[in-house]
Every structure is written in C-alpha cells, then in structure tokens.
Amino acid sequence: MQTLSLTQRWKQIVIAISFVLLLAMIWYKLPHPVIAAAAILPLIVVAGLRMPFVLCLAFIAFSFFRLHEVFPALYPLKIPQLLAVGTLGSLAMSLITQRIDMFWTKEHSTFLFFFVLVIIGATLATNRAAAMSSLTGTYIKIAIMVLAISWLLRKEGQFKAVLFSVIVCGIGVGLVALYNKNMGLELVEGTRVTIGRSIGSMLGDPNDLSLVLLFPAAFALSVLLTPQIGKLWKLFGLIGFITVVCAIIATQSRGGLLGICAVSGVFAWRRFENKALLITLGICALSVLFVLAGVSDRASGGAHEAGIDESAMGRIYAWQAAMGMAVHHPLTGVGINNFISNYFEYSPHWDGRNHAVHSTWFGILAETGLLGLIVFIAIIIQILRIGILSVDYFQPHQGRAYSPSLYACAQSVQAGLAGFCVSGTFLTMGFTWPIYILLSLAIALSHYKELKQNASHSENLKYK
C-alpha cells in the first residue's frame, strides 16, 4: 500500500477542517436538519467505498426496523434516503471495480422470476398508482438488497455483525414498545401497543410491530442456544429474547404469539427426544402466552365476542376475496398493494368496509396469482433446504473447524423461516423484509459453505 507523504497528509487535514468549518458556518446561518445530514455524507461515502457491507447493513436496519421512526429525533435527518443512495453507489462501484465476487444461484433465479411476476402484475394492476408506489418505493429496494447481501456477506466476521445488528435493533424496538405500553402511549384498542402511530409509521399497527420483533427473536434465541459462543454473547441473546418476547406479548398479536412458539419449537425439536411431550408443552406454553398477552381482553377478537369473533370473520372474508382475485387473475394477480382496492369487487360478504388480507399466503395468491404463489412457495422450500444443510454442516463436528457465529446464523435461518411460515398465516408479510433477508442470508451461507468444501477438497487432493 502506498504511503502518503507529509505534504499529502497535511493537504487532507486542511481539506477536512475546511469542510467542517464550512458546514459549521452554514449551520449557524441556517440551522436545518439537512445540514446535519450533509455532515455525515462524507463518512457514508468513505464507508461505502471501503466497507460496503457496513453501509448495506445500516440501510437494512433503518428500512426494516424503522429506527428513524422508533427514535423520532432521527426522522428529520433522512438517514434511510442517504443510506439508500450510498448503498446503491457503493454496490455500483464495487461491481465496476470487481471488488465483489459476483455469483449466481438457482435461488437467485427463482427470486428473479418472482420479481418479474410482481413487475408484470404491477403494470397490469387496476390501481396502477398504488402498485407502482409499492414497487418503486419498497420492493425494488428489497430486490437489490437480496443481491447485495448475498454477494457482500463473505466473511465470518460479517455473519457475526449480522447477528449483533439484528439483536441490537430488536432490543431497541422492543424497549420503546415496552416503554409505550408502560406509559400508555400510542395504544390501539386501549391495550395493544404500537410505535410511531402518530407519524404514520408501519410500526403503528400492532400486527406489523409484532412481525418486525419476531425476526430478532429467532436470532437472539439462536445465539443463546449456540454452544461455545461465549458467555457475553449468551447473556446478550438472553436479554434480546426476553425483551423481544415481552414486546410481542404487549402487541397482543395472535400471529406474533404463534410465531414465538414456532421459533422456540425449532430449537426444542432438536433437543427433545419425546416429541409427544414437546407438543403438549408447546400447547401449554401457547396458552400461557395468550393469557399473559391478555388476548381475551382485546376490543377485537376478545373473549367477549361470542362464536367466531369479528377479527377472525374479517380474515375469513378477506381470504375468500383473495381466492376470487386469484381465480380471475391466475397468472398475474391483481397487482402488488392492490388487495384492498379490489376487495369490494371480490368479497362475497360486504360489511361496509374494506379488509386487509391478514395472511401472507392469501396476500401473495391475490396479488401475484396462483403462479406467483407457487414460485413464492418454491423460494420457501429453497430456504428450508439451505437451512437444513447449513445447520448440519456448521454444527460442531469432530475433525472440522467450528464457528459459533456461522452455526448461529444457520440456526437463525431455520428458526426465522418457521416463525415466518406460522405467523405469516395470520400476518401480511409477503412483500416485507423478513423473508428476503432470510433468503439472502441463506444464499450467503450456502455460498460460504461451498467455498469451504471446495477448499477442503483441494487441500485433500494436494496431500494425496
């Protein structure tokens, strides 16, 4: 590496000080948050060129966990927009300079096929404005990040950074949710906690908040139960899991509670020999969670509603409408973010208001058609396959180097997928971050495993 001369170093120092003084003068005359955002722009540029993965991870943290809405002081700084620009620029520069080891897998191809179906459906949607808004505003970012994460995640330390970042963000969101619950802030139906409802945040819906919290629950429990990972990491995982579970309980989301049992069940299934006892304990644990959450006291879906409650009937009506949409649009669906705008036309039970679909599977079926649902399920199966193979490969083996962080990541993929599939039956998660982060993490793990296997095979050939 070329060493800078003393003159060059002084030039860099003078330029840096001049830039800081210029920003300080502008801030003094015009104290606007945009100026503060501009102050960190050089750091973003440097991080993007030297550490593109860090920038990518920060973008995911703010986009998925909505940290700028969880902590409103960050909201005016437009951090997600800055990180988005920085991540795209960093990815482009890394591709041009060939600093990224690009590869293509069948999982990439399956996702690309699904992405094309979403684009076609958005183009043909009845409410094209809503479809294009969701496509360009969120889903295209998700598609780019699937490639970025799977390509950038190459080192063991980076997998450890993913574990740490997800759990830290989960703890942060969980603590704010518990604070709101304790102080009686931003509650829905008087008892269900939310975050950022007053500013229109996605976390302003208790069901959406629970699904965001469910993702770090899988990572925290994985760290807690991974052998040889270190006592501080185990304590970190324990704190994270307890915080996140308590926050999910405060949302009173039935899908979230089922998701907790699914995540925990994955780890228990491999550790309990008596499966019948495990299932019984699982049912008891779910009942306890429902009691602790106070689901029976909910204004909607509580014990005071006789028979099938209003919340459940709303889901059934929405699922019937979803099947009607899929029958009329089997190849393209009605388009992304078009379920509600088409509900009146396809629902056999109109009660004077449009309902959300409240199901990942029926949501995908309605908005991408039967073909889209088949491809989406294929993605799920591919993640499941990689998760099983990765757990088997990275778990402690005699005669093979063991990495606790890689094993924890592999377990997180398995547990996170189980939580997604179970809670996704009652929560709308088809076009949100969790499943796609799991997909990209699974691809990265699979690629890392293949590189290790190839290296080991080459080493064995050399000594033969």
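Residues numbered from 1 in each chain as written. Predicted model: local features only at pLDDT ≥ 70, side-chain atom pairs only at ≥ 80, totals over all residues. Heavy atoms only, no water.

Participant: Is there a simple way to think about the overall build of the protein in this case?
Facilitator: Assigned secondary structure in the protein consists of 17 helices and 2 strands. Counting only residues that meet the buried cut, the protein has 49% of its 464 residues in that class. Taking contacts inside the protein between residues at least 6 apart in sequence as the whole, the part at least 24 apart equals 72%. A total accessible area of about 22,400 Å² is found for the protein, and carbon and sulfur atoms account for 68% of it. (Helix = DSSP H or I, 4+ residues; strand = E, 2+ residues; numbered from the N terminus. Buried < 20%, exposed > 50% of the residue type's maximum accessible area, 1.4 Å probe, protein only. Contact = heavy atoms within 4.5 Å. Areas by Shrake-Rupley, 256 points an atom, 1.4 Å probe, with all protein chains shown as cover.)

Participant: Looking at this model, I keep getting lost on the pattern of salt bridges. Mind explaining?
Facilitator: Between side chains of opposite charge, a pair can form when the charged atoms approach closely. By the definition in use, this model includes 1 salt bridge. With a shortest N-O distance of 3.0 Å, E69 and R66 are connected by a salt bridge. You can call E69 buried: its relative accessible area is 7%. (Salt bridge = Lys/Arg side-chain N within 4 Å of Asp/Glu carboxyl O.)

Participant: Would you explain the packing of aromatic side chains in this entry?
Facilitator: The final tally for this structure, using the stated rule, is 23 aromatic pairs. Centre to centre, the rings of F64 and F215 are 5.3 Å apart; their planes meet at 90 degrees, and the pair counts as edge-to-face. Pair noted here: F64 is in helix α3 (residues 52–65) and F215 is in helix α9 (residues 206–225), with a separation of 151 residues, a long-range link. Ring centres of F339 and Y343 lie 6.1 Å apart, and the angle between their planes is 55 degrees; on these two criteria the pair is classed as tilted. Placement of the pair is F339 and Y343 together in helix α14 (residues 339–346), with a separation of 4 residues, close to one helical turn. Classification of Y343 as buried rests on a relative accessible area of 0%. Members of the aromatic cluster, connected to one another through ring pairs, are F111, F114, F115, Y139, W361, F376, F420, F431 and Y436. In this structure, K449 packs its charged tip against the face of Y393, placed 6.0 Å from the ring centre. (Phe/Tyr/Trp six-rings, centres within 6.5 Å; stacked < 30°, edge-to-face > 60°. Lys NZ or Arg CZ within 6 Å of the ring centre and 35° of its normal.)

Participant: Is there a simple way to think about the nonpolar core in this case?
Facilitator: Nonpolar side chains tend toward joint burial in soluble globular proteins. Core analysis: the largest hydrophobic core is formed by 116 residues, its most contacted members being F65, F114, Y139, F159, V173 and Y436. Aside from chain neighbours lying at most four places away, what touches F65 is I60, V70, V166, C169, G170, V173, L203, V212, F215 and P216. Among the nonpolar cores identified, the runner-up in size contains 12 residues, and Y317, M325, V334 and A366 belong to it. (Core = buried A, V, L, I, M, F, W, Y, C linked by side-chain atoms within 4.5 Å.)

Participant: Help me out: how do you make sense of the environment of A418 in this one?
Facilitator: Within the secondary structure, A418 is located in helix α16 (residues 404–423). Along the sequence, A418 and G265 sit 153 residues apart, while their C-alpha atoms lie 8.7 Å from each other. Not counting residues within four places of it along the chain, the set of residues in contact with A418 comprises A262 and V266.

Participant: Please clarify how the packing of helix α15 (residues 360–394) against α16 should be interpreted in this entry.
Facilitator: The axes of two packed helices give the description: the angle between them and the distance between them. Direction vectors running N to C along α15 and α16 enclose 150 degrees, while the axes themselves pass 9 Å from each other. Viewed along their axes, α15 and α16 adopt a mutual orientation that is roughly antiparallel. With respect to the hand of their crossing, α15 and α16 are arranged in left-handed fashion. Residue-level contacts link T360, W361, F376, I380, I383, L384, G387, I388, S390, V391 and F394 of α15 to L406, Y407, A410, Q411, V413, Q414, L417, F420 and C421 of α16. Of the residues belonging to the contact of α15 with α16, the class tally is 15 nonpolar, 5 polar and no charged. (Axes fitted to C-alpha atoms, helices over the stretch in contact; angles between N-to-C directions. Parallel < 35°, antiparallel > 145°, perpendicular 65-115°, else oblique. Left-handed = near helix turned anticlockwise from the far one by under 90°. Nonpolar A, V, L, I, M, F, W, Y, C, P; charged D, E, K, R; others polar.)

Participant: How do you make sense of the side chain of S201 when you look at a structure like this?
Facilitator: When you line up the elements, S201 lands in the loop between β2 (192–193) and α9. There is a polar contact of 3.1 Å between the side chain of S201 and the backbone nitrogen of L203. In this structure S201 touches E69, I195 and G196, once residues within four positions along its chain are discounted. (Polar contact = N/O pair within 3.5 Å; in protein donor to acceptor, adjacent residues only side chain to side chain.)

Participant: Please clarify how helix α10 (residues 231–251) should be interpreted in this entry.
Facilitator: Spacing of three or four residues puts side chains on the same side of an α-helix, whose turn is 3.6 residues. A rise of 1.5 Å per residue sets the reference length of α10, with its 21 residues, at 30 Å; its end C-alpha atoms lie 31 Å apart and thus fit the reference within 8%. Residues F236, G237, G240, F241, T243, V244, V245, A247, I248, I249, A250 and T251 constitute the buried set of α10. Count one or two residues on from α10 and you reach Q252, which has phi positive near 55 degrees. (Expected span 1.5 Å × (residues − 1).)

Participant: Help me understand a nonpolar patch on the surface in this model?
Facilitator: Where nonpolar side chains cluster on the molecular surface, the patch consists of W104, L112, V116, I120 and L124 and spans about 470 Å² of accessible area. Note on placement: V116 falls in helix α6 (residues 106–123). What makes V116 partly exposed here is its relative accessible area of 36%. (Patch = residues over 30% accessible without salt bridge, like charges linked within 9 Å, V, L, I, M, F, W, Y side chains within 5 Å.)

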